[in-house]
Amino acid sequence: MLSCGSLVRMRDGGRCTLILGGARSGKSRYAESLAEGWAKVVFVATAEALDDDMSARIARHRADRPAHWTTVEAPLNLSEAIRGAPADATIIVDCLTLWISNLMFSRDIEDDDAFDVAAKGEVASWLAAARARQGNLIVVTNEVGLGIVPDNAVSRRYRDVLGRVNQQVAAAADDVILLVAGLPVVVKQS
């Protein structure tokens, strides 16, 4: 188990904030509001435009962000994206939900335990990259475990892995904020 802050507390006072909530709860907007006013912001996007709806969502999100922010598309390699950002930049990773989906479908790992270990290893890698930085890290993810149990094995596997990854990041984060109907609820503050 990761201890709070021991893995992610950034050098020179940077913080790691995990923002989670349901679909359309205001997670991305809230994450972006935390980075307003910072001169250097790197937005790490994990979404891929695989259909018209996703293309429209990506375009809408991109248009809402300040023009001076740098966008890095990283559907799989968060470690590289974080390492490549300026050391003092605030990084927003949006979102782990899509990243886990991308990871799940890019790997040919049928065994749930083996995939869980692989996912946790990937998370540990990019959290370590974040720890080596000075700037803030803001991570967005969905809380998918509050609804009904999915009716198929792939969806259950996805929900379970994302839930464990969310726990891993929350344990390492300085702050955890749950968005409910656009309202932030502080779950953890260090």
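Bear in mind the structure is a predicted one, so any value in this text is a computation, not a measurement.

Thresholds applied
Residues numbered from 1 in each chain as written. Predicted model: local features only at pLDDT ≥ 70, side-chain atom pairs only at ≥ 80, totals over all residues. Heavy atoms only, no water. Helix = DSSP H or I, 4+ residues; strand = E, 2+ residues; numbered from the N terminus. Pairing = 2+ DSSP bridges. Axes fitted to C-alpha atoms, helices over the stretch in contact; angles between N-to-C directions. Contact = heavy atoms within 4.5 Å. Buried < 20%, exposed > 50% of the residue type's maximum accessible area, 1.4 Å probe, protein only.

Chemist: Any chance you could break down unusual backbone geometry for me, citing the residues and the numbers?
Modeler: With an omega of 10 degrees, the peptide bond between Asp94 and Cys95 qualifies as cis. Along the chain, Cys95 falls in the loop between strand S4 (90–94) and helix H4 (96–106). One non-glycine residue, Arg24, lies in positive phi territory at about 60 degrees. Here Arg24 shows up in the loop between strand S1 (16–21) and helix H1 (27–35). Phi is positive for Ala181, which is not a glycine, with a value near 50 degrees. Mapping Ala181 onto the fold places it in the loop between strand S6 (175–180) and strand S7 (183–189).

Chemist: So, the sheet that holds S1: which residues are in play, and what are the values?
Modeler: An order of S3-S2-S4-S5-S1-S6-S7 is seen for the seven strands of this open sheet, with the pairing classed as mixed. Edge positions in the open sheet fall to strand S3 (70–73) and S7, since each of these has one partner strand only. Shown here is a sheet whose adjacent strand axes are inclined to one another by a mean of 20 degrees, direction ignored. Pairing analysis gives four bridges linking S4 to strand S5 (residues 137–142), with the strands arranged parallel. Paired with Val93 across the two strands is Val139, which belongs to S5. Where helix H6 (residues 153–172) meets the sheet, it contacts S1, S5, S6 and S7, and its direction lies at approximately 155 degrees from that of S5.

Chemist: Mind laying out the pairing of S4, listing which residues take part and the relevant values?
Modeler: Among the five residues of S4, five are classified as buried, and the element is accordingly described as predominantly covered. One ladder, built from five bridges, connects strand S2 (residues 41–45) with S4; its direction is parallel. Residue pairing in the sheet places Val44 in a bridge with Val93 of S4.

Chemist: Provide a residue-level description of the pairing of S1, including the pertinent values.
Modeler: Most of S1 is tucked away, with six of its six residues classed as buried. Of the two faces of S1, both are covered, the one formed by Cys16, Leu18 and Leu20 as well as the one formed by Thr17, Ile19 and Gly21. The sheet contact formed by S1 and S5 spans six bridges and is parallel. The residue of S5 that forms the bridge with Ile19 is Val140. Looking at chain direction, S1 and S6 are connected through five bridges and run parallel. Within S6, the position partnered with Thr17 by the bridge is Asp175.

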